[in-house]
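# Chains, contacts and geometry: an overview
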Amino acid sequence: MLSSASRFFSWADSFPKSLAYHLETCFLFTKSDIKTIIVPVSILAIGTAPLCRSQPVEHSLQAIFWLWIVLLQANLSNQTSSPEEDAGNKPWRPIPAGRISLRNAVIAHRISIPACALLSLYFSPAVLVSCLLFTFFLSVHNDFDGAKNGFAKSLLNGFGYIMLALGTTLIAGCDRESDSLMETLHWKNFPELTIFFFVIITTIHAQDFQDVEGDREVGRNTIPMILPEISRISMPILLPFWSVIIVFLCNPPALLGSIFVAFSMIIGFRFLLMRKVKEDEMSYFLYNVSAFSTKFPDHLANFRPRLVRLGCR
């Protein structure tokens, strides 16, 4: 009896420490995506969604939590498919740091797939569709060598980003599914995400400049490796181009629009002129700030009406 009680109190004493350890491990799997995906996609999605006046904070937090859980699934897949790359480039990640074995990480990834699906279904069938499509594109990217071709990688990343933004937008919205599934998911309901998709597929190679050496070691052939100079030159062209398109659609105050376009030009020329790994890392961070900043309230008002007048909805 005393032995059983002793074991119970020992377990009760160690449980909080064990839980904190595993939660930190989960965080480290997704740490790289906090500033490059979670924060900007949340801004985009919450800015796009018609928020509930009665529960804006609750819905927003649920949306961010869903986004983090789905990204955890993605990172488990990414980091178990190429652990040798992280050993050299990011030794602090859970697998190379020894916080979790590769076998257990693979098991966690397999568990995360139905867990994400069930969580998505809890919110709505439409959110489940976005989760399943994201999982499909992720599988093509990691399990069927989609990431090894630079152009296919950009396209898959575009679809992946959009599924993340779509699911987050649906959860953040007040009425998560008032119409039929097909009507809910019709692209004309999400004109901002449609524009964002084209921005991503044409410029997402911004994330690959910093990882050229690691990608070469694992046999990945990204756009900066296929077209090293053209990919650099494309950044000060494509980023301002899309910024001008977005400014035209949003019709913000002239000063705000000018700042937005100028910021994209600065980032574009950073990629062209500043080519060290640390400089590329900072340029990619600024790229995310620029790419997702189209949802700040100051220039939201005219976006949808302008698209409607152009026949997008």
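Residues numbered from 1 in each chain as written. Predicted model: local features only at pLDDT ≥ 70, side-chain atom pairs only at ≥ 80, totals over all residues. Heavy atoms only, no water.

## With respect to the pattern of salt bridges
Going through the model one piece at a time under the given rule, you end up with 8 salt bridges. A salt bridge links Arg 232 to Asp 280; the shortest N-O distance between them is 2.9 Å. Linking Arg 232 in helix α13 (residues 228–250) with Asp 280 in helix α15 (residues 277–292), this pair joins segments that are 48 residues apart in sequence. In terms of burial, Arg 232 and Asp 280 fall into one category: buried. (Salt bridge = Lys/Arg side-chain N within 4 Å of Asp/Glu carboxyl O. Helix = DSSP H or I, 4+ residues; strand = E, 2+ residues; numbered from the N terminus. Buried < 20%, exposed > 50% of the residue type's maximum accessible area, 1.4 Å probe, protein only.)

## What to know about the environment of Ile 245
As for its position among the elements, Ile 245 is in helix α13. Ile 245 gets classed as partly exposed once you look at its relative accessible area, which sits at 28%. It is 9.2 Å that separates the C-alpha atoms of Ile 245 and Ile 195, two residues lying 50 residues apart in sequence.

## Looking at unusual backbone geometry
Backbone geometry places Asp 145, a non-glycine residue, at a positive phi of 60°. Along the polypeptide, Asp 145 turns up in the loop between α7 (125–143) and α8 (150–172). Overall, Asp 145 belongs to the partly exposed group, its relative accessible area being 46%.

## Details of the UniProt feature "transmembrane region" (unreviewed entry) in the chain
The feature "transmembrane region" (unreviewed entry), as annotated in UniProt, sits at residues 111–138, 158–174, 230–249 and 255–273 in this numbering. The span residues 158–174 carries 88% helix and 0% strand; its end-to-end C-alpha distance comes to 26 Å. As a span, residues 230–249 carries 100% helix and 0% strand, and end to end its C-alpha atoms are 28 Å apart. (UniProt positions renumbered as here; feature names shortened; annotations may be inferred.)

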